[in-house]
Number of protein chains: 2
Amino acid sequence: MELDKYDRQILNILQTDGRISNQELADRIGLSPSPCLRRVRALEEGGLVVGYRALLDAKALGLTLMALIHISMDQHTPERFSTFEAAVAGIPEVLECLLITGQAADYQLKVVVKDLDAYQELLLKRITGIAGVSGVHTSFVLRRVVDKTAFPVGEGR
Amino acid sequence: MELDKYDRQILNILQTDGRISNQELADRIGLSPSPCLRRVRALEEGGLVVGYRALLDAKALGLTLMALIHISMDQHTPERFSTFEAAVAGIPEVLECLLITGQAADYQLKVVVKDLDAYQELLLKRITGIAGVSGVHTSFVLRRVVDKTAFPVGEGR
DNA sequence: TCTGAAACATGACATAA
DNA sequence: TTATGTCATGTTTCAGA
């Protein structure tokens, strides 16, 4: 899919303000509303725009503890992996699960909980018990220096 | 800030569909539009809702490589940290920068780039050169098993 | 690009818990 | 008193010309 200057501007603006009205969006990119909306629809249907989300403040929700959990598996079989993946996908506190290389670990999870007690309970009751999990190492997040959802989209301007 | 049943429903729906109309939102939580909109505004002004974002598809944008970069600093002085943080905050490819404990590293960066060449260039030209960076270790992301922006907004807390 | 119908946002106000 | 529902008004969306 080819993106021109307008498409890139649209994507950059929507990554910043997902609730902007089509009229204002059209104004800001210097196009009239109709073609602007057509482009937005095309970007959505083309799969470039996956969806629109409200972002919440973790602290305001009482979720003050974020941790990275590095997990290694005993065997590298498809069954082990799919069991593990299905299990973590069902845990609301797990925001991210990445299959990674370059470390002792196989997976990195990112989790949020309200405090250390909740963390311990999550780890012991929901994670270490998953079949195949052999090693677990936790890093606590002291501060989120950068936390963006916006991917870099070319020149757009 | 106290959240009742309606507030939690609103947050959960907005975390899934950030562009839902107020009328449909009101329908889905079983309230009429006015009080529903008042609650949304209160949640926004109370800082619970940080903003609304369109989420894009990294692959569709040609950003096929995601990596975690673990970084250790030579000295743990405030100057080192603020220099580093200001530098990474200005790099569009850096989606996340976490100050962490529990590892050899001090920071974990999450970056997206189009390929290995772009990765190498990012690392050598923009990251290893920052004052104070003494150790760098890269983990490549093979697959994103779970990737959510939604925090758990549960019943009891 | 323009236009008009339908859907929507939003505030005033009356009302019920 | 606090939160809700109803209604009226202006705005936005969006398809067809």
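As annotated in an unreviewed UniProt entry, chain A carries the name Lrp/AsnC family transcriptional regulator and comes from Methylomonas fluvii.

Undergrad: Before we move on, can you summarise the environment of leucine 25 of chain B with the specific residues and values?
TA: Residue and element names in this part refer to chain B. Residue placement: leucine 25 occurs in helix α2 (residues 22-29). C-alpha of leucine 25 to C-alpha of cysteine 36: the two residues are 11 residues apart in sequence and 7.5 Å apart in space. In this structure, leucine 25 is in contact with Ile10, Ile13, Leu14, Ile20, Cys36 and Val40, ignoring residues within four places of it in sequence.

Undergrad: Now, about the nonpolar core: what can you tell me, with residues and values included?
TA: Core analysis: the largest hydrophobic core is formed by 30 residues, its most contacted members being Leu11, Leu14, Leu25 and Phe151 of chain A together with Leu61 of chain B. Looking at this core element by element, the count peaks at 4 residues for helix α1 (residues 5-16) of chain A. Dropping the residues within four chain positions of it, leucine 61 of chain B is found in contact with Leu3, Leu11, Leu48, Phe151 and Val153 of chain A together with Leu56 of chain B. Within the second largest apolar cluster, 29 residues are counted, among which are Leu56 and Leu63 of chain A together with Leu3 and Ile10 of chain B.

Undergrad: Run through helix α5 (residues 116-127) of chain B, naming residues and quoting values.
TA: Residues and elements named next belong to chain B. Within α5, burial applies to Tyr119, Leu122, Leu123 and Ile127. Mapping the buried residues of α5 onto a view down its axis gives an arc of 90°, with all of them on the same face. Facing away from the buried side of α5 by more than 90 degrees, the exposed set consists of Asp117, Leu124 and Lys125. On its buried side, α5 packs onto β2 (65-73), β4 (107-113) and β5 (133-147). A distance of 3.2 Å separates the backbone nitrogen of aspartate 117 from a side-chain oxygen at the start of α5, and that oxygen is part of aspartate 115.

Undergrad: Could you give an account of the packing of aromatic side chains, naming the residues involved and the relevant values?
TA: The description of an aromatic ring pair uses the distance of the two centres, along with the angle that the planes make with each other. All names here are of chain B. Across all of its chains, the model carries 6 aromatic pairs over all chains by this definition. Consider the rings of tyrosine 119 and phenylalanine 140, whose centres lie 5.2 Å apart with planes at 70°: the pair is edge-to-face. Here tyrosine 119, found in helix α5, pairs with phenylalanine 140, found in strand β5; they are 21 residues apart in sequence, far enough to count as distant. You can call tyrosine 119 buried: its relative accessible area is 5%.

The rules behind each value
All residue numbers refer to positions counted from 1 along the written sequence of the respective chain. The lettering of chains begins at A and the numbering of ligands begins at 1, in the order of writing. In view of the model being predicted, local features appear only for residues whose pLDDT reaches at least 70, and side-chain atom pairs are presented and counted only at 80 or more, with totals across whole chains, interfaces and linings using the full set of residues. As a convention, hydrogens and water are excluded, and side-chain values are obtained from all of the structure's heavy atoms. Per the convention used, a helix needs a DSSP run of H or I reaching at least four residues, while a strand needs a run of E reaching at least two, with both numbered from the N terminus. What makes two residues a contact is simply this: any of their non-hydrogen atoms within 4.5 Å. Residues belong to one nonpolar core when they are buried, are Ala, Val, Leu, Ile, Met, Phe, Trp, Tyr or Cys, and are joined through side-chain atoms within 4.5 Å. Burial here depends on accessible area, computed with a 1.4 Å probe over protein chains only, as a share of the maximum for the residue type. Under 20% is buried, over 50% is exposed, and the range in between is partly exposed. Arc definition: it is the arc formed by the directions from the helix axis to the C-beta atoms. Distance and chemistry together define a polar contact, namely a pair of N or O atoms within 3.5 Å, with one atom able to donate a hydrogen and the other to accept it when in protein, and with adjacent residues in sequence counting only for side-chain atoms on both sides. Ring geometry is summarised as follows: Phe, Tyr and Trp rings, the Trp one being its six-membered ring, pair when their centres sit within 6.5 Å, and such pairs are stacked at plane angles under 30 degrees, edge-to-face over 60 and tilted between the two.

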